[in-house]
Amino acid sequence: MLQKIYDWIDERIDITPIWRDIADHEVPEHVNPAHHFSAFVYCFGGLTFFVVVIQILSGMFLTMYYVPDIENAWKSVYYLQTEVAHGQIVRGMHHWGASVVIVMLLLHTLRVFFQGAYKKPRELNWMVGVLIFFVMLGLGFTGYLLPWDNKAYFATQVGLEIAEQVPFIGEYLKTLLAGDAEIVGAQTLTRFFAIHVFFLPAALFGLMAAHFILIRRQGISGPL
Amino acid sequence: MSEEKQQVSRRQFLNYTLTGVGGFMAAGLLISPIRMAIDPVLKPSSAGEYANVGLAVEDITTEPQRVDWKIDQVDGWYESKVNRSAWVFKNENDEIMALSPTCTHLGCVVSWEGSEDHPNEFFCPCHDGRYYKDGTNIAGTPPTRPLDLYDHKVENGMLYLGKAQVRGEA
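Note that the coordinates shown come from a computational prediction; the quantities given were computed from them, not determined experimentally. (Residues numbered from 1 in each chain as written. Chains lettered and ligands numbered in written order. Predicted model: local features only at pLDDT ≥ 70, side-chain atom pairs only at ≥ 80, totals over all residues. Heavy atoms only, no water.)

*Asks:* Help me understand the overall build of chain B in this model?
*Replies:* For chain B, the helix and strand inventory stands at two helices and nine strands. Listing every helix and strand of chain B by position from the N terminus yields α-α-β-β-β-β-β-β-β-β-β. Taking 15 Å as the expected radius of gyration for a compact globule of 170 residues, we find that chain B reaches 28 Å, considerably beyond that expectation. Along the first, second and third principal axes, the C-alpha atoms of chain B reach 85 × 40 × 35 Å. For chain B, the proportion of its 170 residues judged to be buried stands at 32%. Summarising the internal contacts of chain B: among those between residues at least 6 apart in sequence, 42% fall at separations of at least 24. The positive charge centre, built from 16 side chains, and the negative charge centre, built from 24, are 13 Å apart in chain B. (Helix = DSSP H or I, 4+ residues; strand = E, 2+ residues; numbered from the N terminus. Rg over C-alpha atoms; globule rule 2.2 N^0.38 Å. Buried < 20%, exposed > 50% of the residue type's maximum accessible area, 1.4 Å probe, protein only. Contact = heavy atoms within 4.5 Å. Lys, Arg positive; Asp, Glu negative; His and termini not counted. Charge placed at Lys NZ, Arg CZ, Asp CG, Glu CD.)

Given below as structure tokens:
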């Protein structure tokens, strides 16, 4: 049945070469943990991606209940946590996943750094990776405010004051982030929500695509 | 039964195990989000509490009169008061009838004798839907079933209304 559907589509638009191109490639022996167990360090990039997929999925489902409004944000999260079946688990996935993704990202970065895998010709991919790191930190910072509890509020106040320390443009930067020069409130929350679910994920997808295209073009760096 | 050994090729074995493990992981990942998303469908519907509509039973006549009242509505994390209304009268058996004013065609609001051309009927201005006094829809007009009937009870001489119940087709 499935085979027939696949054949019907493939006969018309020839999709086999497309997925072959994506999925069919040699994995060198030195990155295969089955050959050398120490090669598990090469898994951290893939694990980062896997956790990012969890974050995207759980985040999509969380917005079914969440509202970015100072009157209702906390209440909607509380409702989700206490009244909705499995709501606690889905928010837990997003909450813990956010930490795990930073850990995996750091381990991946450390591996690339200590193996010198960033050297020519892979400098560009290192730079893309550093941008991904910044986007991830941005996602963590903006997502932290969304539950609109005391911890979120005061953490954001501190974060905004850190942004204010930037020379010359600091004050403008803070106002731009918070939506108001003085208040951390209604406009801050909607801004952070928009940045968290639209702007930064869009940037993340673009950067991840570049990251993966580059690794396929240049191949995995050779053994030490 | 054939004695022949069923050979499983290396490729088949890998396909089965990888599909199995992948499916297991995908299922584990998706089961909670999906259960959460479909929660509104699986939640038991509220029993529908009775509310005092501010009408004494002795004031109910055979002429339908409109009553308006407010109920406390809990909508997820948001609680508010919302308006309800009903057309209340006593039928020929001296029973209290409280009809929902929501047209069963497309949900407009019907009025008793809402059209001068159709006396002694409920009338919906949107598509000229009409109902007899007992709420039964008049054949040949758009509504497909009678007006919903509120559950009611009487306490201390006052009328209490509950949930509007769907009645069968005319």
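*Asks:* When you look at the UniProt feature "domain: Rieske" (unreviewed entry) in chain B in this model, what are you seeing that I'm missing?
*Replies:* When the UniProt feature table is mapped onto this chain, "domain: Rieske" (unreviewed entry) is found at residues 88-161 of chain B. When the span residues 88-161 of chain B is considered, its composition is 0% helix and 35% strand, and the gap between its end C-alpha atoms is 10 Å. (UniProt positions renumbered as here; feature names shortened; annotations may be inferred.)

*Asks:* Just checking my understanding: could you explain the UniProt feature "transmembrane region" (unreviewed entry) in chain B for this structure?
*Replies:* Under the feature "transmembrane region" (unreviewed entry), the UniProt entry names residues 12-31 of chain B. Here residues 12-31 of chain B is 100% helix and 0% strand, with 28 Å between the C-alpha atoms at its ends.

*Asks:* How should I be thinking about a nonpolar patch on the surface in this particular structure?
*Replies:* Residues and elements named next belong to chain A. On the surface, a cluster of nonpolar side chains totalling about 710 Å² of accessible area is made up of M1, L2, I5, W8, I9 and I13. Here L2 is to be found in helix α1 (residues 2-13). Look at L2 and you get exposed, because its relative accessible area is 70%. (Patch = residues over 30% accessible without salt bridge, like charges linked within 9 Å, V, L, I, M, F, W, Y side chains within 5 Å. Areas by Shrake-Rupley, 256 points an atom, 1.4 Å probe, with all protein chains shown as cover. Salt bridge = Lys/Arg side-chain N within 4 Å of Asp/Glu carboxyl O.)

*Asks:* Please explain the interface of chain A and chain B as it appears in this structure.
*Replies:* A common way to report how large an interface is uses the accessible area buried once the components associate. Counting from both sides, the interface comprises 21 residues of chain A and, opposite them, 15 residues of chain B. The tally of links from chain A across to chain B stands at zero salt bridges. In this structure, the connection of chain A to chain B is made through four residue pairs in polar contact (both at pLDDT 80 or more). Of the residues forming the side of chain A that touches chain B, the biggest block, five residues, is contributed by helix α3 (residues 44-62) of chain A. (Polar contact = N/O pair within 3.5 Å; in protein donor to acceptor, adjacent residues only side chain to side chain.)

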